[in-house]
Amino acid sequence: MATIYVQPGSGSGSGTASDPYYYDDEFATAYSAAGSGGIIYLTDGTYQVGRLGSTGINFYNVDYGDATIIALNKHKAIMECYATIGYFKNARLKNIKLKEQAIGTQQSYMCYSADSSHYLEMTGCVVEFLNKSLQSYFVQTAGIRLRGCTFWFKTIGGCFNNGGGPGSIIENCTFRIDGDDSGLSSTYNQMFKHFDLCFYDPDNFTVRNNIFSFGYTANANLASYGFIRSGYGGGTFQNNCFHQDASSASTMPMSSLDNATINAGNIDLDPEFLDIPTANFGLRATSPCLSAGYLE
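A. Local environment of the overall build of the chain. Along the chain, the regular secondary structure elements total three helices and 27 strands. Within the chain, buried positions represent 52% of all 296 residues. Residue pairs in contact within the chain that sit at least 24 positions apart in sequence constitute 68% of those at least 6 positions apart. When the accessible surface of the chain is split by element, carbon and sulfur atoms take 47% of a total near 11900 Å².

Following this line, the structure appears as structure tokens:
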């Protein structure tokens, strides 16, 4: 177990704070050097994530679960891609900014695995899906654990699926969903149930202390079907804020949760973000979400 440092670009380093390994050429070396339970710090800069042969590191079916990958300075290490952010498998990511650019033709998989032992943990990360023509997926059979993260979806839809696995938890996160495509195909209408964020196999999901803010207004079909719907089974939704900027929907957000266990504390109020256009999703001092979470 060791603490290793990585910097963007190509070259040869030693993995120390003063001489980090180079991401393009030496990330596998950094992982090996960190060892089981080690830490890999990403120094400031942009790190290209490769998929389908593109530039950068391809995380497809690569297991980095024994080490935690952390931005040395919060959100100043940026993982950027042009198709899929990464099929992270057994990943622990902390304080990293992940950004999918507004080009490309592939679906946006943050993680994907059908193996019952694979999980994803993210803490304090910022994730931006900016391609309006794509769908965004988090699929991890052994669990999705998201804490204190911010997600900005400008995509057609976002899907969270724990594959029936154990103990998925999403808490203290902010979701801003601006994606709204009136040309959504019948296939994806069915998959996303006419809305912009969904939970599949939610029986083992605990979703609490989150803000779900929806900005779409143009598509009455999407709006009329509600906000979040559980695809199969139940799930626990507790002390969350569900709010849409403007809507022709006839139902309140909580009523669009199919078969979910709706605990006390969910609200439908404007969270009062500081500045949505600049993605500043901090809360104003008057926000009804402050001190409104569930405490164990």
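Right, picking up where we left off after that structure.
B. The arrangement of helix 1 (residues 23-34) in detail. Over its twelve residues, helix 1 extends only 14 Å from the first C-alpha to the last, a length that falls short of the 16 Å expected when each residue adds 1.5 Å. Along helix 1, the residues that are buried comprise Tyr-23, Glu-26, Phe-27, Ala-30, Tyr-31 and Ala-34. The positive-phi residue at the C-terminal boundary of helix 1 is Gly-35, with phi of around 70 degrees.

C. Structural context of the packing of aromatic side chains. Applying the stated criterion to the full structure yields nine aromatic pairs. Between Tyr-23 and Tyr-47, the aromatic rings sit 4.9 Å apart at their centres with planes inclined by 85 degrees, giving edge-to-face as the arrangement. Of the two residues, Tyr-23 sits in helix 1 while Tyr-47 sits in strand 4 (residues 45-50), which places them 24 residues apart along the sequence. For the pair Phe-151 and Phe-153, a centre-to-centre distance of 6.4 Å together with 20 degrees between the ring planes defines the contact as stacked. A relative accessible area of 1% means that Phe-153 is categorised as buried.

D. The environment of Phe-281, seen in detail. Locating Phe-281 in the fold gives a position in strand 27 (residues 280-283). A sequence separation of 130 residues divides Phe-281 from Phe-151, and the C-alpha atoms of the two residues are 9.8 Å apart.

E. Expanded view of the environment of Asn-95. Along the chain, the position of Asn-95 falls in the loop between strand 8 (91-94) and strand 9 (97-100). Measuring from C-alpha to C-alpha, the distance between Asn-95 and Thr-123 comes to 6.4 Å, with 28 residues separating the pair along the chain. Ignoring sequence-local partners within four residues, the contact set of Asn-95 consists of Ala-71, Lys-74, His-75, Thr-123, Gly-124 and Cys-125.

F. Focus on the state of the cysteines. For the coordinates displayed, the defined rule picks out zero disulfides. No disulfide involves Cys-149; its nearest neighbouring cysteine sulfur is the one of Cys-173, lying 4.7 Å away. Residue Cys-149 is classed as buried on the basis of its relative accessible area of 1%. Cys-289 carries a free sulfur, and the closest cysteine sulfur to it, the one in Cys-241, is 3.8 Å from it. On the basis of relative accessible area, Cys-289 is assigned to the buried category, the value being 15%.

How each quantity is defined
Residues numbered from 1 in each chain as written. Predicted model: local features only at pLDDT ≥ 70, side-chain atom pairs only at ≥ 80, totals over all residues. Heavy atoms only, no water. Helix = DSSP H or I, 4+ residues; strand = E, 2+ residues; numbered from the N terminus. Buried < 20%, exposed > 50% of the residue type's maximum accessible area, 1.4 Å probe, protein only. Contact = heavy atoms within 4.5 Å. Areas by Shrake-Rupley, 256 points an atom, 1.4 Å probe, with all protein chains shown as cover. Expected span 1.5 Å × (residues − 1). Phe/Tyr/Trp six-rings, centres within 6.5 Å; stacked < 30°, edge-to-face > 60°. Disulfide = S-S within 2.5 Å.

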